[in-house]
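Secondary and tertiary structure notes
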Amino acid sequence: MTGLVYKSTGSWYTVKSEKGDFIECRMKGKFRMKGIKSTNPIAVGDIVDYELEETSDALTGTIFNIHERKNYIVRKSVNLSHQMHIIASNIDRVFLLITINNPPTTFNFIDRFLVTAEAYNIETILVFNKIDTFDEPTLEDQLYMQYVYQQIGYKCLRVSSTEMKGIDELKEMMIGKVSMFSGHSGVGKSTLVNAMEPSLHLKTKTISEASKQGQHTTTFAEMYDLSFNAKIIDTPGIKGFGIVDMEKEEISGYFPEFFKLKDQCKFNNCLHKEEPHCAIKAALERDEIAWSRYNSYLKILEGDDEHYRTDTYGEDRAASDETRK
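In this text the structure is predicted, and so the values were computed from the model without any measurement. (Residues numbered from 1 in each chain as written. Predicted model: local features only at pLDDT ≥ 70, side-chain atom pairs only at ≥ 80, totals over all residues. Heavy atoms only, no water.)

1. Quick notes on the environment of Gly253
Mapped onto the elements of the fold, Gly253 is located in the loop between α5 (248-251) and α6 (256-259). Separated by 134 residues in sequence, Gly253 and Ala119 place their C-alpha atoms 8.7 Å apart. Apart from residues no more than four positions distant in its own chain, Gly253 is found in contact with Phe259 and Lys262. (Helix = DSSP H or I, 4+ residues; strand = E, 2+ residues; numbered from the N terminus. Contact = heavy atoms within 4.5 Å.)

Here's what the structure looks like:
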């Protein structure tokens, strides 16, 4: 029998059968995915084959095969630096939720996420949330950040769950698709899902006043069927986003505005640092590429897996100015 994984807790997996029944399943033995060093061999969104096993308590199953994934999105494992954690698979669109200062989402975090999504060919839409809370300086910061990414070609949306602004447009983008919501803890993923589908009653928490950071409410990634012909994968908040298994020479290819200019560099293996006649650096000087993006590129290139949540939007801007001097 074949089904779709709706929830993974690490040892048990909730699988929806082709008939629409939900069955709790375990893995049969150890799975080894070709070329994938992962801490979780089965992820939400996986299509799996399973067999039923009758027990005295309930109907359970055993997963013995995972179908080939069309894509997946990963992050570096928290405890195992050379392995990755698959957040979800077989995704049509990712909605990356961004808040300016409640909690802060940095350019560095966004760019690392986008690079990973580009590498696995997953369309990402940037969703600026909590716009009802903005004062004038915060609004200016948000509009600047939006401008940077729209110039590159990324779709951006401004929403408010409390005032229902942008919700209909967001739902329209999700119809007929498997979407994933991601972002830091506290950016309002679960609240936004509740705004679209109040019957789900997903748990939410407020921002910690001490740290100005979110508190985890979603413990495991989980998929939900929505009433408007859409599926949503709600994920735990991500603190940092380490890049996994990328060669230095290929990183710039996942920055779309860099990729357009790479062929104009004098050297084919140009890393866009100290090399002469570099088209990317020339575009920077002409303000055709955002310095925040170039700073993110350098940090990824240097393998700088810092704690991104300690950055702030203002520090990103300051770093950009310093690099430019």
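The structure having been displayed, the exposition proceeds.
2. So, a nonpolar patch on the surface
A cluster of nonpolar side chains, namely Met1, Leu52 and Leu59, defines an oily patch on the protein surface of about 280 Å² accessible area. Looking at the secondary structure, you find Leu52 in strand β4 (residues 47-54). In this structure Leu52 comes out as partly exposed when scored by relative accessible area, which is 39%. (Patch = residues over 30% accessible without salt bridge, like charges linked within 9 Å, V, L, I, M, F, W, Y side chains within 5 Å. Areas by Shrake-Rupley, 256 points an atom, 1.4 Å probe, with all protein chains shown as cover. Salt bridge = Lys/Arg side-chain N within 4 Å of Asp/Glu carboxyl O. Buried < 20%, exposed > 50% of the residue type's maximum accessible area, 1.4 Å probe, protein only.)

3. A closer look at the packing of aromatic side chains
Applying the stated criterion across every chain yields a total of 11 aromatic pairs. Summarising the aromatic geometry, the rings of Tyr149 and Tyr154 are spaced 6.4 Å apart at their centres and angled 65° between planes, so their arrangement reads as edge-to-face. The structure contains a cluster of three or more aromatic residues connected by ring pairs, namely Phe255, Phe258, Trp291, Tyr294 and Tyr297. Above the ring of Tyr72, the side-chain terminus of Arg69 is found at 5.8 Å from the ring centroid. (Phe/Tyr/Trp six-rings, centres within 6.5 Å; stacked < 30°, edge-to-face > 60°. Lys NZ or Arg CZ within 6 Å of the ring centre and 35° of its normal.)

4. Digging into the nonpolar core
Core analysis: the largest hydrophobic core is formed by 32 residues, its most contacted members being Ile73, Ile110, Leu126, Met145, Tyr149, Met180 and Ile233. Mapped by element, the contributors of at least two residues to this core are β7 (84-89), β8 (93-98), α1 (107-119), β9 (123-128), α2 (136-152) and β11 (178-182). Tallying contributions element by element places α1 first for this core, with six residues. (Core = buried A, V, L, I, M, F, W, Y, C linked by side-chain atoms within 4.5 Å.)

5. As for the pattern of salt bridges
As a working rule, side chains carrying opposite charge can pair if their charged atoms are close by. With the rule as written, the count across this model stands at 13 salt bridges. Here Lys7 ties to Glu222 by a salt bridge, and the two come within 3.8 Å at their closest N and O atoms. Highlighted residues: Lys7 in strand β1 (residues 2-8) and Glu222 in strand β12 (residues 222-226), separated in sequence by 215 residues. By relative accessible area, Lys7 is classed as partly exposed at 26%. Linking Lys155 and Glu123 is a salt bridge whose minimum nitrogen-to-oxygen distance equals 3.4 Å.

6. Observations regarding the pairing of strand β13 (residues 230-234)
Among the five residues of β13, four are classified as buried, and the element is accordingly described as predominantly covered. As paired elements, β11 and β13 share four bridges and run parallel to each other. Of the residues in β13, the one forming a bridge with Phe181 is Asp234. Pairing between β12 and β13: five bridges, direction antiparallel. Bridge pairing in β13 links Tyr224 to Ile232. Connecting β12 to the antiparallel partner β13 that follows it, the hairpin turn spans three residues, and Asn229 within it adopts a positive phi of roughly 60°. (Pairing = 2+ DSSP bridges.)

7. Overview of α1
Between its first and last C-alpha atoms α1 spans 18 Å; for 13 residues at 1.5 Å apiece the expected length is 18 Å, and the two agree. Most of α1 is tucked away, with 11 of its 13 residues classed as buried. For α1, the set of buried residues is Phe107, Asn108, Phe109, Ile110, Asp111, Arg112, Phe113, Leu114, Val115, Thr116 and Ala117. At the C-terminal side of α1, Asn121 shows a positive phi close to 60°. (Expected span 1.5 Å × (residues − 1).)

8. Describing the confidence of the model for the protein chain
Residue-level pLDDT values for the protein chain average 83, and 79% of them are 70 or greater. This model gives residues 206-218 a pLDDT under 50, and the stretch forms 33 contacts once residues within four places in sequence are excluded. In this model, residues 306-325 is a region of pLDDT below 50 whose contacts with residues beyond four sequence positions or in other chains number 45 contacts. (pLDDT = per-residue confidence, 0-100.)

9. Some words on the packing of α1 against helix α8 (residues 291-301)
Two elements in contact, α1 and α8, have axes separated by 9 Å at closest approach and are oriented at 65°. What the angle tells us is that α1 and α8 run roughly perpendicular. In terms of crossing hand, the pair formed by α1 and α8 is right-handed. Across from Phe107, Asn108, Asp111, Arg112, Leu114 and Val115 in α1, the residues of α8 making contact are Ser292, Arg293, Ser296, Lys299 and Ile300. Here the residues of the contact of α1 with α8 are counted per class, giving four nonpolar, three polar and four charged. (Axes fitted to C-alpha atoms, helices over the stretch in contact; angles between N-to-C directions. Parallel < 35°, antiparallel > 145°, perpendicular 65-115°, else oblique. Left-handed = near helix turned anticlockwise from the far one by under 90°. Nonpolar A, V, L, I, M, F, W, Y, C, P; charged D, E, K, R; others polar.)

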